[in-house]
Amino acid sequence: MTDCYVDEGVYFPGGNAVNVAVNCKKNGAARVNYIGVFGDDDRADYIKECLKEEGVEILRSRKVCAHTAQPRVYLKDGDRVFGPGPRDSCQHLFAIRLVTEDMELIREFDICHTSCYSNLEYELPALSRICQVSFDFSDKRDDAYLERVCPYLAFAFFSGSDLEKERCQDLLKKAWGLGVKVAGITRGSKGAIFYDGKDFYHQGIKETEVVDTMGAGDSFIAGFLTAYGDKKPIEEALDYAAARSALTCTVRGGFGHPHKA
């Protein structure tokens, strides 16, 4: 999708899975591929160009007859406020049905990341049989959803700046008890809390000059997955993730590439 900064008249390529893919490549992952749904407009073409420039492949992605999602972003008292874009975008109308060729490609990778925005919950059982699955829940925390998704995950990420420490720990314990290997909650300026079934890990933020917080959480996920996937200890992976998230805050958009609207 494209994040449309209305007050500035520009848009940026973005979306959770796209941001994670690009940042994993920036972090040194040997190979990254994005399987997504692209529209048939100029914005979709621009996103493809940006991914190519960043070294992210798009093998097995789909192209459909619909426009790219265009959520609007406004500046209000210095904070970003999101508003809806045009309806009936390709991201809202279509979901991917994974076929044999997709699975053969995914099998070549160590980790597959997706999210609650990708409409792939029904494919998680099959994905979990061929690679480690990472999932971003954002702020979806209801028991029924956790019970549906968690049994197939190696990594679970939540957003929880509104939650107290004890509630965060309870949520992480529940996710782990349902089958997740490592679960974590990013809490904005409060840092992050992670759990591996034995210990809780607390990671503070890295101070930096903030230009734009767009994509900071996705960058944190990418930093953790890259470092932990390279066999770094959780503490080291979290410290790296926080540093990468802080770096993203110095860049406009999820990972740059502004385009005039």
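This one's a predicted model, so the numbers in the text were calculated from it and none came from an experiment. (Residues numbered from 1 in each chain as written. Predicted model: local features only at pLDDT ≥ 70, side-chain atom pairs only at ≥ 80, totals over all residues. Heavy atoms only, no water.)

(A) Representation of the sheet that holds strand 8 (residues 132-138) within the structure. Pairing is mixed across the open sheet formed by six strands, whose spatial order is 7-8-9-10-11-12. Taken across any chain shown, the strands that pair with only one partner, and hence form the sheet edges, are strand 7 (111-115) and strand 12 (200-203). Across the sheet, the axes of successive neighbouring strands diverge by a mean angle of 15°, strand direction being ignored. Across four bridges, strand 11 (residues 192-195) lies against strand 12 in antiparallel orientation. (Pairing = 2+ DSSP bridges. Helix = DSSP H or I, 4+ residues; strand = E, 2+ residues; numbered from the N terminus. Axes fitted to C-alpha atoms, helices over the stretch in contact; angles between N-to-C directions.)

(B) How the structure looks around a negative patch on the surface. A grouping of Asp-40, Asp-42, Asp-45, Glu-49 and Glu-53 is seen on the molecular surface, where their side chains present a negatively charged patch. When you line up the elements, Asp-40 lands in the loop between strand 3 (37-38) and helix 2 (42-53). (Patch = residues over 30% accessible without salt bridge, like charges linked within 9 Å, V, L, I, M, F, W, Y side chains within 5 Å. Areas by Shrake-Rupley, 256 points an atom, 1.4 Å probe, with all protein chains shown as cover. Salt bridge = Lys/Arg side-chain N within 4 Å of Asp/Glu carboxyl O. Lys, Arg positive; Asp, Glu negative; His and termini not counted. Charge placed at Lys NZ, Arg CZ, Asp CG, Glu CD.)

(C) Structural detail: the packing of aromatic side chains. A full pass over the atoms with the stated rule returns 16 aromatic pairs. Taking 5.8 Å as the distance between ring centres and 85° as the angle between the ring planes, the aromatic pair formed by Phe-155 and Tyr-228 counts as edge-to-face. One end of the pair, Phe-155, is in strand 9 (residues 155-159); the other, Tyr-228, is in helix 8 (residues 216-229), and 73 residues separate them in sequence. Per residue, the accessibility class of Phe-155 equals that of Tyr-228, and both read buried. (Phe/Tyr/Trp six-rings, centres within 6.5 Å; stacked < 30°, edge-to-face > 60°. Buried < 20%, exposed > 50% of the residue type's maximum accessible area, 1.4 Å probe, protein only.)

(D) How the structure looks around the pairing of strand 7. Taken across its five residues, strand 7 has four buried, putting it largely inside the fold. Here five bridges tie strand 7 to strand 8, and the two strands are oriented parallel to one another. Counted as the bridge partner of Cys-112 is Val-133 from strand 8.

(E) Here's a closer look at the pattern of salt bridges. If you walk through the whole model with that rule in mind, you get nine salt bridges. Residue Arg-60 is joined to Asp-102 by a salt bridge in which the shortest nitrogen-to-oxygen separation is 2.8 Å. Of the two residues, Arg-60 sits in the loop between helix 2 and strand 4 (62-63) while Asp-102 sits in helix 4 (residues 100-106), which places them 42 residues apart along the sequence. Salt-bridge contacts for Lys-232 lead to Glu-236; the nearest nitrogen and oxygen are separated by 4.0 Å.

(F) Helix 2, seen in detail. The end-to-end C-alpha distance of helix 2, which contains twelve residues, comes to 17 Å, matching closely the 16 Å that a straight helix rising 1.5 Å per residue would cover. All of the buried residues along helix 2 are Arg-43, Ala-44, Tyr-46, Ile-47, Cys-50 and Leu-51. All buried residues of helix 2 lie within an arc of 160° about the axis, which places them on one face of the element. Along helix 2, exposed side chains directed more than 90 degrees from the buried face belong to Asp-42, Glu-49, Lys-52 and Glu-53. (Expected span 1.5 Å × (residues − 1). Arc of directions from axis to C-beta.)

(G) Structural context of the nonpolar core. Judged by nonpolar contacts, the single largest core of 37 residues is most densely connected at Leu-51, Phe-155, Phe-194 and Phe-224. A total of seven residues in this core trace back to one element, the largest contributor, which is helix 8. Setting aside its immediate chain neighbours within four residues, Phe-194 contacts Phe-157, Leu-172, Val-182, Ala-183, Gly-184, Ile-185, Asp-199, Phe-200, Tyr-201, Phe-220, Phe-224 and Leu-238. Core analysis: the next-biggest nonpolar cluster, separate from the first, contains 35 residues, Val-37, Leu-120, Phe-137 and Val-149 among them. (Core = buried A, V, L, I, M, F, W, Y, C linked by side-chain atoms within 4.5 Å. Contact = heavy atoms within 4.5 Å.)

(H) Structural context of a nonpolar patch on the surface. Judged by side-chain polarity, Val-6, Tyr-74 and Val-81 come together as a nonpolar surface patch covering roughly 210 Å² of accessible area. Here Val-6 shows up in the loop between strand 1 (2-5) and strand 2 (10-13).

(I) Representation of the side chain of Gln-70 in the model. Note on placement: Gln-70 falls in the loop between strand 4 and strand 5 (72-76). On the basis of relative accessibility, which here comes to 17%, the residue Gln-70 falls in the buried class. Polar contacts involving the side chain of Gln-70 include one to the main-chain carbonyl oxygen of Thr-68, which spans 3.1 Å. Other than its neighbours up to four places away in sequence, Gln-70 contacts Thr-2, Cys-4, Asp-41, Arg-43, Gly-85 and Pro-86. (Polar contact = N/O pair within 3.5 Å; in protein donor to acceptor, adjacent residues only side chain to side chain.)

(J) Representation of the pairing of strand 8. Of all seven residues in strand 8, six are buried, a share of seventy percent or more. Of the pairings in the sheet, the one linking strand 8 to strand 9 comprises four bridges and is parallel in character. Within strand 9, the residue paired with Ser-138 across the bridge is Phe-158. Running through helix 6 (residues 143-149), the crossover from strand 8 to the neighbouring parallel element strand 9 is right-handed. (Right-handed = clockwise from strand over helix to strand, strands pointing away.)

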